[in-house]
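Coordinate analysis (summary)
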Amino acid sequence: MPSASTGASTTVGASAATAVRTETAPVETAPHEAAPVDSRMAPGGPGYRRMSLALFLAGVATFALLYSTQALLPLISGDFGVTASTASWTVSAATGALALFVLPLSALSERFGRRTLMTASLAIAVSVGLLVPFAPSVGWLVALRAVQGAALAGLPVSAMAYLAEEVRPKALITAIGLFVAGNSVGGMSGRVITGWVAQEWGWRVAVGVIGLIAVGCAVAFRLLLPAPKHFKAGSLRPAVLVRTVRGHLANPLLCRLYAIGALFMTVFGAVYTVIGYRLTEAPFSLPQGIIGSIFLVYLVGTVSASTAGKLVGRLGRRGALYLAGGTTTAGLLVSLADSLPLILLGLVLITAGFFAGHAVASSSVSHTAKEGRAQASALYQSAYYLGSSAGGTLGAVAFHSGGWAGTVALGLLAVLGVVTITVVGSHAARTQRRLVAVRH
């Protein structure tokens with residue numbers, strides 16, 4: 001399988017090659033001129049472990065808060081007397097608000113700094129998280145979750161931009177993989193903890209516990225994260241933001257990456273929004289604590305995301321995306337069986353494929369964008385969380401109308417979209433290489 005990236009990979013490949021030459025090739029200097037030293041962080045270097053742990057904890061807090069109600073949807077439906085589709089808005093409102101606010105907050109990140117905005121985002125989100133348990137109605141619950149999602153919008157985009165600026169290029173995919181791994185741990189722990197706590201004390205106490213855990217993660221994050229050394233403040237002028245966004249949207253490779261992120265998240269959002277309802281029904285009829293424990297399969301995502309760099313090294317970015325899509329497809333098909341062990345195997349495969357694909361696509365965005373990195377990451381995050389919101393809502397509708405098979409059909413359509421986009425990108429890459437060869 002030829003090694004290539006997600007599409008017209010000459011941009012990514014060229015930038016990566018340039019980065020490697022910068023780090024490894026000798027630099028010609030005058031007799032008495034010292035060679036420039038790359039002061040960015042690298043594995044084993046000063047600050048790298050603190051940075052990795054800080055962003056890992058930020059990822060934990062983000063996903064734990066963002067999806068804190070997902071494993072509790074059957075209980076929320078019962079408490080407020082609403083359908084699965086209505087209850088699913090407690091998840092979709094958070095992810096949808098994040099998608100809408102991520103681009104505006106990326107402009108604040110460019111102006112005031114990555115660490116500042118990440119700190120503010122977590123502070124607001126955890127504060128709202130402590131109010132969520134007291135929501136008097138499903139309408140109030142959805143509203144609070146929307147505010148929480150909007151607050152969290154400043155964190156993932158700033159984290160990606162921080163890593164692109166502060167970490168050496170060769171270590172970037174690994175560093176982003178660790179942040180994504182933190183997402184998976186947060187998603188897993190939030191669901192597992194809420195499942196068992198809710199079984200004993202109800203869903204309100206469960207989301208309150210998640211809020212307290214997120215407070216601890218936020219404090220540790222702020223104490224650990226090294227101050228940025230390579231950030232340069234940008235402009236808050238709307239015209240500058242519009243010009244930057246327009247430039248990113250004119251880049252075919254970036255647009256393909258945005259679509260891939262959205263489609264992968266559509267699958268993931270649909271599956272994990274609906275799985276609780278499936279397992280509470282016959283023939284399984286599992287208690288809430290056991291259903292929450294199902295989310296331990298997120299540990300597979302932690303591994304697949306953190307090893308995405310090695311996967312890309314062996315298969316190339318395009319090959320890694322094909323593997324991620326194939327793994328997700330296999331998981332969807334296996335999950336159709338009315339057997340709990342096979343359903344668990346299906347969830348393992350879906351989770352592994354999703355997190356690998358997400359890590360590859362998001363790191364490719366950071367590689368490709370040379371200016372306005374926060375906006376480039378913001379557009380990816382916006383597409384990604386719109387995919388989550390769409391997946392949660394459409395997955396619930398598909399489940400209501402066609403059962404689990406309906407949700408699986410939705411997921412297979414999304415994966416087909418990923419494969420189609422990657423094939424189109426492969427063709428574009430070959431065409432561009434031929435044009436370059438003809439010119440030379």
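As a starting point, this report considers the structure included with it. (Residues numbered from 1 in each chain as written. Predicted model: local features only at pLDDT ≥ 70, side-chain atom pairs only at ≥ 80, totals over all residues. Heavy atoms only, no water.)

1. Some words on the overall build of the chain
Let me state the cut-off plainly: Each helix is a run of DSSP H or I of at least 4 residues and each strand a run of E of at least 2, with the numbering of both proceeding from the N terminus. Only protein chains enter the accessibility calculation, which uses a 1.4 Å probe; a residue whose area is less than 20% of its type maximum is buried, one above 50% is exposed, and one in between is partly exposed. Pairs of residues are marked as contacts when any of their non-hydrogen atoms sit within 4.5 Å. Computed by Shrake-Rupley with a 1.4 Å probe, the accessible areas treat only the displayed protein chains as cover when residues are assessed.
When you go through the chain residue by residue, the secondary structure sums to 17 helices and 0 strands. Buried positions account for 55% of the 440 residues belonging to the chain. Residue pairs at least 24 apart in sequence account for 84% of intrachain contacts in the chain once pairs closer than 6 positions are excluded. Of the roughly 17,300 Å² of accessible surface on the chain, 68% is carried by carbon and sulfur atoms.

2. A few points about unusual backbone geometry
For the bond from A282 to P283, the omega torsion is 10°, close enough to zero to count as cis. If you check the backbone angles, S285 has positive phi at about 50° while not being a glycine. Tracing the sequence through the fold places S285 in the loop between helix 12 (252-280) and helix 13 (288-293).

3. Looking at the pattern of salt bridges
The cut-off we apply is this: Salt bridges are defined by distance alone: a side-chain nitrogen of Lys or Arg within 4 Å of a carboxyl oxygen of Asp or Glu.
Within the structure shown, the criterion is met by 3 salt bridges. Across the pair R204 and D79 runs a salt bridge, and its minimum N-O distance is 3.8 Å. Taken together, the positions of R204 in helix 10 (residues 203-224) and D79 in helix 3 (residues 73-80) put the pair 125 residues apart, joining distant regions of the chain. As a salt-bridge pair, E165 and R114 come within 2.4 Å of each other at their nearest N and O atoms. Residue E165 is located in helix 8 (residues 154-166), and its partner R114 is located in helix 6 (residues 114-129); the two are separated by 51 residues in the primary sequence. Taken as a pair, E165 and R114 share a single burial class, namely buried.

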